[in-house]
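So you can see what is in the structure, the chains are spelled out below.
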Amino acid sequence: MSLGAKVASVLLASGLDVKQMSENPAKPGLQSPASAAVAPARPERAVVVFAEDIRLPKLRRLKPGFRHCYAYLAMPGGWVGIDPLSHMIEIKGFYDWPVDADLAAHLRSLGHCALTVPVLAAPKRLAPPLPFSCVEVVKRLIGLQSWRIRTQWELFLHLRKISLDYGFVLFYIWFS
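Residues numbered from 1 in each chain as written. Predicted model: local features only at pLDDT ≥ 70, side-chain atom pairs only at ≥ 80, totals over all residues. Heavy atoms only, no water.

1. A closer look at the overall build of the protein chain
Here is the rule: Numbering goes from the N terminus for both helices and strands, where a helix is a DSSP run of H or I of at least four residues and a strand is a run of E of at least two. Relative accessible area decides the class of each residue, using a 1.4 Å probe on protein chains only: under 20% of the type maximum gives buried, over 50% gives exposed, and in between gives partly exposed. In this analysis, two residues are considered to be in contact whenever any of their non-hydrogen atoms come within 4.5 Å of each other. Working definition of accessibility: Shrake-Rupley area with a 1.4 Å probe, residue cover restricted to the visible protein chains.
When its secondary structure is counted, the protein chain shows seven helices and five strands. Mapped in sequence order, the helices and strands of the protein chain form the string α-α-α-β-β-β-β-α-β-α-α-α. Residue burial in the protein chain is summarised as follows: out of 176 residues, 34% are buried. Restricting to contacts in the protein chain with at least 6 residues of sequence separation, those with at least 24 account for 47%. By element, 62% of the accessible surface of the protein chain is carried by carbon and sulfur atoms, the whole surface being about 11,400 Å².

2. Regarding the sheet that holds strand 5 (residues 113–118)
Keep this limit in mind: Strand pairing is defined by DSSP finding a minimum of two bridges between the two strands. Lines are fitted to the C-alpha atoms to define the axes, a helix being fitted only along its stretch in contact, and any angle between axes, read from their N-to-C directions, falls within 0 to 180 degrees.
An order of 4-3-2-1-5 is seen for the five strands of this open sheet, with the pairing classed as antiparallel. Only two strands of the sheet have a single partner each, and these edge strands are strand 4 (89–94) and strand 5. Each neighbouring strand pair of the sheet contributes to a mean axis angle of 20°, computed without reference to strand direction. Two elements, strand 1 (residues 45–51) and strand 2 (residues 68–75), share six bridges in a ladder whose sense is antiparallel. In the strand pairing of strand 2, Ala 46 is matched with Leu 73. Helix 5 (residues 134–141) rests against strand 1, strand 2 and strand 3 (78–84) of the sheet, and its axis sits at about 20° to strand 2. In the packing of helix 6 (residues 152–162) onto the sheet, the strands contacted are strand 1, strand 2 and strand 5, and the crossing angle to strand 5 comes to about 50°.

3. Here's the deal with the side chain of Glu 136
Counting through the fold element by element, Glu 136 comes out in helix 5. Judged by its relative accessible area of 6%, Glu 136 is buried. The contact partners of Glu 136, leaving out residues within four places of it in the chain, are Pro 128, Leu 130, Pro 131 and Ile 149.

Encoded structure:
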């Protein structure tokens, strides 16, 4: 039995008529092709957090305080946290946090180094083929493509130029 015949037998067994589906794609209960083409909402800003993470011995070579980075994206329904670890990527939804809240200031009050940055429109070209790291994941999340940015410190130095937290960045540069 071919794959198409198997799909048709499953659809017929569930009460759906294959001929009606092909003639009327907007049948009640089915998603129409026009509504399926709606693009998901893009976040307008992100909060990039830099942390002291020394679980891996290789990270001890990096600048203290800038050994790991992760991001929170402000989505229409709340915040989404993306933490690229060495063995997996953790994605968590924080839908009870208000989108208009100053998440970076809250994280700084807890002792983290956090910057609010705009999510850029990524250029339509192949991203640089750099090794997979938390820096590469955060760069791609915020639409940044650069060969020069490889470490968390270099990412911080670049993001402070486009940060929406001007007072914090000036304070951090002055006292660091």
